[in-house]
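What follows is the residue order along each chain.
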Amino acid sequence: MIINTGQRTDIPAFYSKWFMNRIKEGYVLVRNPYFPNNVTKFLLRPDLVDAIGFCTKNPRPMLKYIDDLKEFGQFWYISITAYDKDLEPNVPNIDQVIEDFIFLSKKLGKNAVAWRYTPIIINDKYTLDIHLKTFEYIASKLANYTELVTFGFVDLYDKLKKNHPEILDCDDQTKIIIAKKFKEIAAKYNFKLRLCSKEKWLKDYEIDIDGCMRIEDYEKAIGKKLIIKQKMQARKNYCACYLSNDIGSYNSCPHLCKYCYANGNKNLVLNNFHQHDDSSPFLIGNYQQNDKINEAKQESFIDKRMTLF
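What this report covers is the structure whose coordinates are included nearby. (Residues numbered from 1 in each chain as written. Predicted model: local features only at pLDDT ≥ 70, side-chain atom pairs only at ≥ 80, totals over all residues. Heavy atoms only, no water.)

A count of helices and strands for the protein chain gives 9 helices and 12 strands. The globule rule puts the C-alpha radius of gyration for 309 residues at 19 Å, and the 19 Å found for the protein chain is close to it. Buried positions account for 53% of the 309 residues belonging to the protein chain. For the protein chain, long-range pairs separated by at least 24 residues make up 73% of all intrachain contacts whose partners lie at least 6 apart in sequence. Carbon and sulfur atoms make up 49% of the accessible area of the protein chain, which totals about 15,000 Å². For the protein chain, the centre of its 46 positive side-chain charges and the centre of its 39 negative side-chain charges are spaced 3 Å apart. (Helix = DSSP H or I, 4+ residues; strand = E, 2+ residues; numbered from the N terminus. Rg over C-alpha atoms; globule rule 2.2 N^0.38 Å. Buried < 20%, exposed > 50% of the residue type's maximum accessible area, 1.4 Å probe, protein only. Contact = heavy atoms within 4.5 Å. Areas by Shrake-Rupley, 256 points an atom, 1.4 Å probe, with all protein chains shown as cover. Lys, Arg positive; Asp, Glu negative; His and termini not counted. Charge placed at Lys NZ, Arg CZ, Asp CG, Glu CD.)

Let us now look at the sheet that holds strand 2 (residues 27-31). Across the sheet, 3 strands lie side by side as 2-3-11; this open sheet has mixed pairing. Strands at the two margins of the open sheet, each flanked by one partner only, are strand 2 and strand 11 (292-295). Ignoring strand direction, the axes of neighbouring strands in this sheet form an average angle of 30°. When strand 2 meets strand 3 (residues 38-43), the two strands line up antiparallel, connected through 5 bridges. (Pairing = 2+ DSSP bridges. Axes fitted to C-alpha atoms, helices over the stretch in contact; angles between N-to-C directions.)

So, about the environment of Asn-90. Here Asn-90 shows up in the loop between strand 5 (73-79) and helix 4 (94-108). Not counting the four nearest positions on each side in its chain, Asn-90 is found in contact with Lys-85, Pro-254, His-255 and Leu-256.

The complete set of buried residues in helix 2 (residues 16-25) reads Ser-16, Trp-18, Phe-19, Met-20, Arg-22 and Ile-23. The secondary structure elements touched by the buried residues of helix 2 are helix 1 (11-14), strand 2, strand 4 (51-56) and helix 3 (60-63). Directly after helix 2, the chain includes Gly-26, whose backbone phi takes a positive value near 85°.

When two helices pack together, their arrangement is given by the angle between their axes and by how far apart the axes lie. The geometry of helix 5 (residues 128-142) relative to helix 7 (residues 172-188) is characterised by a closest axis approach of 10 Å and an angle of 20° between their N-to-C directions. As judged from the angle between their axes, helix 5 and helix 7 are roughly parallel. Relative to helix 7, the crossing made by helix 5 is right-handed. Every residue of helix 7 that contacts helix 5 at Leu-128, His-131, Leu-132, Phe-135, Glu-136 and Ala-139 is listed here: Thr-174, Ile-177, Ile-178, Lys-181, Phe-182, Ile-185, Ala-186 and Lys-188. (Parallel < 35°, antiparallel > 145°, perpendicular 65-115°, else oblique. Left-handed = near helix turned anticlockwise from the far one by under 90°.)

Attention now goes to the sheet that holds strand 6 (residues 113-120). Here 7 strands make up an open sheet; going across it, the order is 8-7-6-5-4-1-10 and the pairing parallel. Sheet topology places strand 8 (192-195) and strand 10 (245-246) at the edges, where each strand pairs with a single neighbour. Alignment of strand 6 against strand 7 (residues 148-153), held across 4 bridges, turns out to be parallel. Directly across from Tyr-117, in strand 7, lies its bridge partner Phe-151. Lying on the sheet, helix 4 is in contact with strand 5 and strand 6; it crosses strand 5 at an angle near 160°. Contacts between helix 5 and the sheet are confined to strand 6, strand 7 and strand 8, with strand 6 contributing the most and set at about 175° to the helix.

What follows is about a nonpolar patch on the surface. Taken together, the side chains of Tyr-34, Phe-35, Tyr-157, Tyr-250 and Tyr-261 define a hydrophobic patch exposed on the protein surface, amounting to about 570 Å² of accessible area. Its location among the elements puts Phe-35 in the loop between strand 2 and strand 3. Given a relative accessible area of 53%, Phe-35 falls into the exposed group. (Patch = residues over 30% accessible without salt bridge, like charges linked within 9 Å, V, L, I, M, F, W, Y side chains within 5 Å. Salt bridge = Lys/Arg side-chain N within 4 Å of Asp/Glu carboxyl O.)

Spelled out as C-alpha cells, the structure:
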C-alpha cells in the first residue's frame, strides 16, 4: 500500500518529529475529515507500506531522518515557486528549497524527487515575465536532479474567494502562453512536463494533463512494479492521480499560503497547531470519548515476480 503525507497538510515541514515517532511506534491514527469520530488505524511497517508520498514546500526538517526511513520506499513532490511572504508567509526562500531538493535527489535518486510549480497566480507583482524567468531559473538548478515537473493554475475554491478575494485566475490566452513557454523550458532542461489543474483543454497544446502523482511515479521511485487491485482517482473525471491513504489533517498547515485549499482560516489553523502533540498517535489532538477505531485493510502492492530496474 501507499501512504501519503501531503494532501491535507505539510508533514515534513511542521510535523517531522511526530511522523518519525509514528514510524518508531509502527502505527498512526487518522480521523475522517467529515466524520471526526471515525478513526482509521494504519500500520506503518515496511512489509505493508511500499512507498510513502511526501508533498512539501520545506523538506529540511525531515532531512535528518532520511536514513531512518531507508526501509521504506519514498516519492517526494517539492513545491518551489516565485512567491514571497505576501502569498507564502512561512515558506523558505527558493534557494534553500533548491538546496534541499538536490540533497534528497542525491540521497534517494532522481526518480524519487519531483518538482511542482503551482499554483500560478498572475498579478501586478507576479507578472507573466516573472513566472517565466523564475521557472527557468529553478529548472536550470534542478536539471540534473529530477526528470519531472508539474505546473498548474490557481483553483478559486469558495473559501479562497471569501478569505482572499484579491486572488484571481488568469485568462485562457495567458494560460496558453505559459503552457507553451513552460513546455519549451522543460524540453531545454530535459524535464517531463505535466499539468495539475482543471485546464484539461491544454491537451490541445500537447500538454500532459493526466495527473501529477501516478502509480508509475511510485514504481520508478522504488524500482518495483506495483499491482493495484482498486485504483481510485483523487478527483473523478479530473485527473489520473492515485488516491492513496493520507494521514494528515485539514486546517493544520502553518505555511498559511494565501491560495491554499486545505486551510480554512488562520485562527483555525493556529488553534489546531497548538493542539498538536508529538507523542500523540493523532496529528492533531488525541483520543476522544466517542472515537470508533477501525483497522485499515493493508497489504503490499509489490509484484514480487519482477522489478523495474
